[in-house]
Amino acid sequence: MPVICLVPESYLPSQLLTLMVAKSMTSKFKLFLYGMKRMLKFHFFHNYHWDIVSWFSSLLSKSRKKMIVSSPGDYREAARRRLPRFLFDYIDGGAVMENTMADNSTELSSVKLRQRVLCGVGSPTLSTEILGSTWAMPVALGPVGATGMYARRGEVKAARAASAIGIPYTLSTVSVCPVEEVARNASGELWSQLYVLRDRGYMRNALERAWAAGMKTLVFTVDMPIPGSRYRDKRSGMSGPLSSLRQYLQACTHPHWAIDVGLAGRPLSFGNIEAYTGHRMSMSDYMGFINSNFDPTITWHDLEWIRDIWKGKLIIKGVLEAEDARDALRMGADGIVVSNHGGRQLDGAIATARALPRVADAVGSDLTVLADSGVRSGVDVIKMLALGAKGVLLGRAYIYALAAAGEAGVTNLLHLYAEDMKVAMTLTGATSPESISTDCLYRLEKENLQNRNYSCCNKVF
């Protein structure tokens, strides 16, 4: 994506460049490098220009007031400060009036845990077995489109952080970094995510490339046959009239991001799609691709060919109803993700935490049940496990951390989650993720009762 960044004079040494225009690595960018070389009189600049760019980016970051991050939620504000508005609102926003997005967090907040004492828990373990693999904690990083726009080569950094902790990372269909680059730079378990698309040739190509890169688990997202109505994207400049111009102007006021990601993070194309089409794809092209390529006509029957050609684990993401969970089981899925897409699709859909118990009951142990949406702390993870999930996928939470502090931010976020989980487990008497059940809940919402009675320990009150 082209970047224009206007750098305030207060950030720079005397008489240094105050206007930077970097459109591409072609003639205009070469002109920019030549001007920098003449002005700075660095005779070695031609050979070490990225060192100068890194120094320049570091100078900008040091001039900004540092924010102390003490909780997972702090990363949201840190990301808001660093990102151009169109990018922050894209990850932060939801569909229409954003009611479902808000409900996800509100519903989790209403779930209460039973505090137990003198249980002799000792030091609880977070390690757990999910889908035949050992996870260091019952958390994985879920698929998020355009992650590479939030940090320089963002998918690679997120995958490295997940690998270092010992949990899976899920690469989005619409990632900036191609699958081969991520697989080459991350040593841990990698999952591939795929959307329902009109172009079956692309879907087959994506499956083949993921398998060749060593990804043996496919997350098939089924709750996006059509993009949700996201008003914030039109207001912020992510889409709508003059979107490219508005993005350029916003980059002007965020020079740290513009240099570190917009310039040094190139190529800012969508690597997986580019590998298939052979054409570069800008952010504007990305929005057009989403709007024109998702397929609202697809049915469960159409997915059978995916199960036939994909020999690894298959997870269906976007299930909220027990009937759909049973359909996923019938088509041969290994797991499901109970999810409303973070409130980004159907505004008015049920909150994930409310849907989870009924869906988990419907499939029992026949499917591995994962969940996402609204999880903002390690305590929220414990609540999801108590409601019936075996593990939780993170989305917005780790993107905030990635945008604010790169790989180190994601690593620290996961450590904060782990600390919260261990404290919550100790205080609820749970020794491991497997020991977390409805017994840990003070009030369990029973949605199969019309009057929403609450029960705990076989008592109704």
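Note: the structure precedes this text.
Predicted, not measured: the structure shown is a model, and the values here were computed from it.

1. Description of the environment of A386
Item 1. Along the chain, A386 falls in helix 17 (residues 378-386).
Item 2. Separated by 273 residues in the primary sequence, A386 and L113 have C-alpha atoms spaced 8.9 Å apart.
Item 3. If sequence neighbours within four positions are ignored, A386 has contacts with I436, S437, T438, C440 and L441.

2. Overview of the nonpolar core
Item 1. Ranked by size, the top nonpolar core spans 114 residues in total, and within it L141, Y169, I336 and Y398 carry the most contacts.
Item 2. It is helix 18 (residues 396-428) that contributes the most residues to this core, 16 residues altogether.
Item 3. The residues contacting L141, other than those within four sequence positions of it, are A158, A162, I167, P168, Y169, T170, L394, Y398, V410 and L414.
Item 4. Ranked by size, the runner-up nonpolar core spans 10 residues in total, among them W135, W191, I315 and L370.

3. Remarks on empty space enclosed by the protein
Item 1. Enumeration over the complete set of coordinates arrives at 4 cavities of 30 Å³ or more.
Item 2. In this structure, the largest cavity spans a volume of roughly 450 Å³.
Item 3. If you trace the largest cavity, you find 29 residues lining it, with P143, V144, H341, R344 and G395 closest to the centre.
Item 4. Secondary structure elements with two or more residues in the lining of the largest cavity: helix 4 (85-92), strand 7 (190-195), helix 13 (283-293), strand 12 (391-394) and helix 18.
Item 5. In terms of residue class, the lining of the largest cavity is made up of 13 nonpolar, 10 polar and 6 charged.
Item 6. When its volume is computed, the second largest cavity comes out at roughly 110 Å³.

4. Considering the pattern of salt bridges
Item 1. Throughout the structure, instances matching the rule amount to 17 salt bridges.
Item 2. Taking the shortest distance from any N to any O, the salt bridge between E77 and R80 comes out at 2.6 Å. Of the two residues, E77 and R80 both sit in helix 3 (residues 74-82), 3 residues apart, roughly one turn of that helix.
Item 3. Take E77: its relative accessible area is 23%, and that puts it in the partly exposed class.
Item 4. The exposure class assigned to R80 is partly exposed, which follows from its relative accessible area of 41%.
Item 5. As a salt-bridge pair, D327 and R330 come within 2.1 Å of each other at their nearest N and O atoms. Of this pair, D327 and R330 are both found in helix 15 (residues 322-330), 3 residues apart, which corresponds to roughly one turn of the helix.

5. Here's the deal with the side chain of S163
Item 1. Looking at the secondary structure, you find S163 in helix 6 (residues 154-165).
Item 2. A residue is classified by how much of its surface remains accessible, and S163, at 17% relative accessible area, is buried.
Item 3. A distance of 2.8 Å separates the side chain of S163 from the backbone nitrogen of G188, its partner in a polar contact.

6. Notes on the environment of R153
Item 1. Mapped onto the elements, R153 comes out in the loop between strand 5 (139-141) and helix 6.
Item 2. For R153, a relative accessible area of 16% puts it in the buried group.
Item 3. Taking the C-alpha atoms as reference points, R153 and V261, 108 residues apart in sequence, are found 7.8 Å from one another.
Item 4. Discounting chain neighbours no more than four positions away, the residues touching R153 are G148, V176, C177, P178, E181, G265, R266 and P267.

7. A short note on the packing of aromatic side chains
Item 1. If you walk through the whole model with that rule in mind, you get 4 aromatic pairs.
Item 2. Centroid distance Y195 to F294: 4.9 Å. Interplanar angle 50 degrees. Geometry classified as tilted. Taken together, the positions of Y195 in strand 7 and F294 in the loop between helix 13 and helix 14 (304-309) put the pair 99 residues apart, joining distant regions of the chain. An identical accessibility class is assigned to Y195 and F294; each is buried.

8. Some words on the pairing of strand 11 (residues 368-371)
Item 1. Alternating residues of strand 11 divide into T368 and L370 and V369 and A371, and every residue in both groups is buried.
Item 2. Bridge count between strand 10 (residues 335-338) and strand 11: 4 bridges; the pairing is parallel. The residue of strand 11 that forms the bridge with V337 is L370.
Item 3. Read as a crossover between parallel neighbours, the route from strand 10 over helix 16 (residues 352-363) to strand 11 is right-handed.
Item 4. Pairing analysis gives 2 bridges linking strand 11 to strand 12, with the strands arranged parallel. What sits directly across from L370, in strand 12, is G391.
Item 5. Handedness of the crossover is the feature at issue here: the chain leaves strand 11, passes through helix 17, returns alongside strand 12, and the resulting connection is right-handed.

9. Observations regarding helix 5 (residues 99-110)
Item 1. Look at helix 5: 16 Å from first C-alpha to last across 12 residues, which is about the 16 Å you get at 1.5 Å a residue.
Item 2. Listing the buried residues of helix 5 in full gives T100, M101, N104, E107 and L108. Looking straight down helix 5, one finds its buried side chains confined to an arc of 130 degrees; they lie on one side.

10. So, a nonpolar patch on the surface
Item 1. A surface patch of nonpolar side chains, about 310 Å² in accessible area, is lined by L242, L245 and L249.
Item 2. Topologically, L242 is positioned in the loop between helix 9 (231-236) and helix 10 (243-252).
Item 3. Judged by its relative accessible area of 62%, L242 falls in the exposed class.

Rules behind the numbers
- Per chain, residues are indexed from 1 in the order of the written sequence.
- Residues qualify for local features only when their pLDDT is at least 70, as the model is predicted, and side-chain atom pairs are given and counted only at 80 or more; totals for whole chains, interfaces and linings, by contrast, use all residues.
- The side-chain numbers reported here are obtained from all heavy atoms of the structure, hydrogens and water having been left aside.
- By the criteria applied, helices consist of DSSP H or I runs no shorter than four residues and strands consist of E runs no shorter than two, each listed in order from the N terminus.
- Residues are treated as being in contact if the distance between any of their heavy atoms lies within 4.5 Å.
- By nonpolar core is meant a set of buried Ala, Val, Leu, Ile, Met, Phe, Trp, Tyr and Cys residues that side-chain atoms within 4.5 Å join together.
- A 1.4 Å probe rolled over the protein chains alone gives each residue an accessible area, and that area as a share of the maximum for its type sets the label: buried under 20%, exposed over 50%, partly exposed in between.
- Cavity: a set of points on a 1 Å grid over the protein atoms alone where a 1.4 Å probe fits but cannot get out. Pocket: an open set with protein on both sides within 12 Å along at least five of seven lines, its lining residues, like those of a cavity, having an atom within 4 Å of a point.
- Grid points are joined across faces, edges and corners, and a volume is the space filled by probe spheres set on the points.
- Three classes are used, and their members are as follows: Ala, Val, Leu, Ile, Met, Phe, Trp, Tyr, Cys and Pro are nonpolar, Asp, Glu, Lys and Arg are charged, and the others, Gly among them, are polar.
- Any carboxyl oxygen of Asp or Glu that lies within 4 Å of a side-chain nitrogen of Lys or Arg is treated as forming a salt bridge with it.
- Polar contact is the term for a pair of N or O atoms within 3.5 Å; when the atoms are in protein, one must be able to donate a hydrogen and the other to accept it, and sequence-neighboring residues count only if both atoms are side-chain atoms.
- Two aromatic rings from Phe, Tyr or Trp, using only the six-membered ring of Trp, form a pair when their centres are within 6.5 Å; if the ring planes differ by under 30 degrees the pair is stacked, by over 60 it is edge-to-face, and anything between is tilted.
- Two strands pair if DSSP finds at least two bridges between them.
- Here, the term right-handed applies to a crossover whose path from the first strand over the helix to the second runs clockwise when the strands point away from the viewer.
- Each residue after the first adds 1.5 Å to the expected span of a helix.
- To be clear, the arc concerns the directions from the helix axis to the C-beta atoms.
- Only residues whose relative accessible area exceeds 30% and that form no salt bridge enter a patch; like-charged residues are grouped when within 9 Å of one another, and nonpolar side chains (Val, Leu, Ile, Met, Phe, Trp, Tyr) when within 5 Å.
- Computed with the Shrake-Rupley method and a 1.4 Å probe, the accessible areas treat only the protein chains shown as cover for residues.

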